[in-house]
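Descriptive analysis of the structure
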Amino acid sequence: MSSLLRVSGKDVSLVLCGAAGQGVQTVEELLVKAIRHVGYSVFASREYMSRVRGGNNSTEIRFSPWPVRAFVDRIDVLVPLSEGIRENVRRRISSQTLIIGDRNVLRTEGEELGGRYFNVEFLNIASEIGGVVFANFVAAGMLLGMIGGGLEIGYSFCNEKFAPKGQIIVDKNKEALDRGFKIGQTLTEGTLPFISGDSKGRTLHRSVLSGTEALSLGALAGGCTFIAAYPMSPATGVLSFMAQCASQLGVVVEQTEDELAAINMALGAGYAGARAMVTTSGGGFDLMTEGVSLAGIMEVPVVIHVGQRPGPATGMATRTEQGDLHAALYGGHGEFPRAVFAPATLEEAVRIGAKSFYIAEKYHIPVIILTDQYFLNSYYDMTIPDLESLSFPSMIVESEKDYCRYKFSSNGISPRSVPGNGKGLIGADSHEHDEEGHVYEDFDLRKCMVDKRFRKLALMRCEAEEPLFVGAQDYRILIIGWGSTFHILEEALEFIGHSQVALMHFQQLYPLPASLSERLEQAQNIIVVEGNKTGQFAHLLRQETGRKVDSIITNYNGLQFSVEQIVRELVACLNEGVY
């Protein structure tokens, strides 16, 4: 048989979809291991429907000899394990898409999808082995055959995954892999066109991490010793990861009855000297804002992770958006300094996860980390930064007898001690207070205390994160993004190849770095790309720098940007003649 899989680019985009509970994630886990063993770099992103059972979920896996880091619309291979393929997957199918399905499952749906349909009787093969439950591993074996290797990894995976169910189940899954593998080899004539002979093992020294895992590792590197949360998608994974590490690393993990309890417990832990964190989504953060304001006046360090999803209210609980920037900037009554971060890459999530604790402890402020569902549920192979280099010593001082917790200082930072660490009394109050922490309704004192807290911002701006920069140094057109869109924008710009276009991507959203104005002034035109309706960062940029942007590319349908979407919209902007 001639090769059915035609690969003209430098990577393959494979999409698996199936009903919840059908084993799509198990197949995905095995494929990622095998892909890395062959020597490919891998990127994957999952999407879920907002229900526990039923519906159709999907995973995109991109792999290549070169690093791949971003979501694309293009589907080279689609393997639907159940009928009812969602519209957002259907519209990505092209005439070149190879669709491999079972007519017994899809009925006529497979032919109606477009693309080039190839029938594999997964159910009949699985029934011959011992039951339809083995159909997903027939499909997995077929994909291993198409990749061009990894069968031994599949056997090892079966030994580990199914050993508790007995040797018979292990052997039947291995048989399913064998049967599927032979079919897969015929689809690509044994190997993919771009595989190189010396690539085997090329990526094995790298670790595959998700956004959830990267951020959690960063928090641990930064010395997190306490985390509280009420579970809320997509941020719950951070709580789960910390719970797995709790006994080994000495982290106190508390699943609370609600979000108010979570933030207030974290503030109590911070007051006592812990490096405390909460993890939630936008709706949970809204409930926490009274506690955020309490952190502002008590000057207690706390790190707040907000995994964004579409609102208002419950919105689309398992989808993605960048709609909570304004909430992070202004959540909490009154005025007080804070820092807001949004890591751009998984590597940076580790570093910023650690740095957030440093900033919170140095300036005694709430630090908010914005991620989103796409970022947290995507993963790729990466080299983990040196975690030891991200740690920092305690900044807590021993209190003297005349200690003043809120002592006035030129930079607004008072010496911070904790109960039991010295002879002084550690004052703390939710009302306005004097230097010792005693409550006074004094109008002059009130102004002095507000000014003291805001003096921290000047120093914070001096050590703010500089934005990432990609592209021509002599740019005329500047693309601006923030957070999870970095790799998508980076790949889109590489595709466009415009000699006068550059990307400036922000990981610190507030306060903005003091050196920003010069780079903005160089740009004749500025295009901001962000995943919300109103262009929240574009408004912040104008508010903080006075520079109005020329165009805003937004996305707020609940799905992440794709590389192709960015290319189309940027090219449209460039072709308008303004640029």
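Residues numbered from 1 in each chain as written. Predicted model: local features only at pLDDT ≥ 70, side-chain atom pairs only at ≥ 80, totals over all residues. Heavy atoms only, no water.

**So, the pattern of salt bridges**
Two side chains bearing opposite charge may form a pair once their charged atoms approach each other closely. Just so we agree on the cut-off: We count a salt bridge whenever a side-chain nitrogen from Lys or Arg sits within 4 Å of a carboxyl oxygen from Asp or Glu. Labels follow the DSSP assignment, with helices taken as runs of H or I lasting at least four residues and strands as runs of E lasting at least two, numbered in each case from the N terminus. Think of it in three bands: with a 1.4 Å probe and only protein chains considered, a residue is buried below 20% of the maximum accessible area for its type, exposed above 50%, and partly exposed in between.
Within this structure, the stated rule accounts for 24 salt bridges. Residue Asp451 is joined to Lys447 by a salt bridge in which the shortest nitrogen-to-oxygen separation is 3.1 Å. Of this pair, Asp451 and Lys447 both sit in helix H16 (residues 443–454), four residues apart, which is roughly one turn of the helix. Assessed through its relative accessible area of 55%, Lys447 is described here as exposed.

**Some thoughts on the sheet that holds strand S4 (residues 77–80)**
The cut-off we apply is this: A pair of strands is considered paired only if DSSP assigns at least 2 bridges between the two. Think of each axis as a best-fit line through the C-alpha atoms, taken over the contacting stretch in the case of a helix, with angles from 0 to 180 degrees between the N-to-C directions. By definition, residues are in contact when any of their heavy atoms lie within 4.5 Å.
Spatial strand order, S6-S5-S4-S1-S3-S2-S14-S7: eight strands in an open sheet with mixed pairing. The open sheet has two edge strands with one neighbour each: strand S6 (116–119) and strand S7 (207–210). If you compare each strand with its neighbour and ignore which way they point, the axes differ by 20° on average. Contacts from helix H9 (residues 211–221) reach S7 and strand S14 (378–382) within the one sheet, and its direction differs from that of S7 by about 95°.

**Here we look at the packing of aromatic side chains**
Applied cut-off: Stacked, tilted and edge-to-face are the three classes assigned to paired rings of Phe, Tyr and Trp, where Trp is represented by its six-membered ring and a pair needs centres within 6.5 Å; plane angles under 30 degrees give stacked, over 60 edge-to-face, the rest tilted. Charge over a ring is defined by NZ of Lys or CZ of Arg lying within 6 Å of the ring centre and within 35 degrees of the ring normal.
Evaluated as defined, the whole model comprises six aromatic pairs. Here Tyr40 and Phe63 contribute two aromatic rings whose centre-to-centre distance is 5.2 Å and whose plane-to-plane angle is 45°, an arrangement assigned as tilted. Here Tyr40, found in the loop between helix H1 (24–38) and strand S2 (41–47), pairs with Phe63, found in strand S3 (residues 56–64); they are 23 residues apart in sequence, far enough to count as distant. Each of the two residues, Tyr40 as well as Phe63, counts as buried. A connected cluster of aromatic rings, assembled from ring pairs, spans Phe137, Phe157 and Phe162. The ring of Phe392 is capped by Arg275, whose NZ or CZ atom sits 3.8 Å from the centre of that ring.

**Overview of the sheet that holds strand S15 (residues 468–471)**
Reading across the sheet, the five strands line up as S15-S17-S16-S19-S20 and stay open at both edges, with mixed pairing between neighbours. Either end of the sheet is taken by a strand with one partner, and the two such strands are S15 and strand S20 (551–554). The mean angle between the axes of side-by-side strands here comes to 20°, regardless of whether they run parallel or antiparallel. As paired elements, strand S16 (residues 477–482) and strand S19 (residues 525–530) share four bridges and run parallel to each other. Counterpart to Ile479 in the pairing with S19 is Ile527. Its contacts with the sheet put helix H21 (residues 563–575) on S16, strand S17 (501–506), S19 and S20, and the angle it makes with S20 is roughly 160°.

**A short note on helix H7 (residues 151–162)**
Turn by turn, an α-helix covers 3.6 residues, leaving residues three or four places apart pointing in a common direction. Quick reminder of the rule: To estimate the expected span of a helix, count its residues, drop one, and scale the result by 1.5 Å. The directions considered for the arc are those from the helix axis to the C-beta atoms.
Helix length check: H7, at twelve residues, gives a terminal C-alpha distance of 16 Å against a target of 16 Å (1.5 Å per residue), a fit within 8%. Looking at H7, one finds that the buried residues are Leu151, Gly154, Phe157, Cys158 and Phe162. Mapping the buried residues of H7 onto a view down its axis gives an arc of 105°, with all of them on the same face. For H7, the elements touching its buried residues are H1, helix H6 (135–147) and helix H8 (167–188).

**Looking at the state of the cysteines**
Worth spelling out the cut-off: What counts as a disulfide here is a pair of cysteine sulfur atoms lying within 2.5 Å.
A full pass over the atoms with the stated rule returns zero disulfides. Not engaged in a disulfide, the cysteine Cys448 finds its nearest cysteine sulfur in Cys404; these two sulfurs lie 14 Å apart.

**Section: the packing of H1 against H7**
As a reminder of what qualifies: Orientation categories follow fixed angle ranges, with anything under 35 degrees roughly parallel, anything over 145 roughly antiparallel, 65 to 115 roughly perpendicular, and all other angles oblique. Crossings are sorted by hand: turned counterclockwise from the far helix by less than a right angle, the near helix makes the crossing left-handed, and turned clockwise it makes it right-handed. Following the grouping adopted for this structure description, the nonpolar residues are Ala, Val, Leu, Ile, Met, Phe, Trp, Tyr, Cys and Pro, the charged ones are Asp, Glu, Lys and Arg, and the polar ones are all others, Gly among them.
The geometry of H1 relative to H7 is characterised by a closest axis approach of 9 Å and an angle of 140° between their N-to-C directions. One finds that H1 runs oblique with respect to H7. In the packing of H1 onto H7, the handedness of the crossing is right-handed. Across the interface between the two elements, Thr26, Glu29, Leu30, Lys33, Ala34 and His37 of H1 pack against Glu152, Ile153, Gly154, Phe157 and Lys161 of H7. Along the lines of polarity and charge, the residues of the contact of H1 with H7 split into four nonpolar, three polar and four charged.

**Details of the side chain of Thr345**
For clarity, the cut-off: Whenever two N or O atoms come within 3.5 Å, that pair is a polar contact, provided that in protein one can donate a hydrogen and the other can accept it, and provided that, for residues adjacent in sequence, both atoms are side-chain atoms.
Note on placement: Thr345 falls in the loop between strand S12 (339–341) and helix H14 (346–363). Of note is the side chain of Thr345, whose polar atom sits 3.0 Å from the backbone nitrogen of Glu348.

**Observations regarding the packing of H9 against helix H10 (residues 236–249)**
Relative to each other, H9 and H10 sit at 45°, their axes nearing to 9 Å. With respect to each other, H9 and H10 are oriented oblique. Pair H9 / H10 crosses with right-handed handedness. Taken together, the residues of H10 that come into contact with H9 (itself represented by Thr212, Glu213, Leu215, Ser216, Leu217, Ala219 and Leu220) are Gly237, Val238, Phe241, Met242, Cys245 and Leu249. Of the residues belonging to the contact of H9 with H10, the class tally is nine nonpolar, three polar and one charged.

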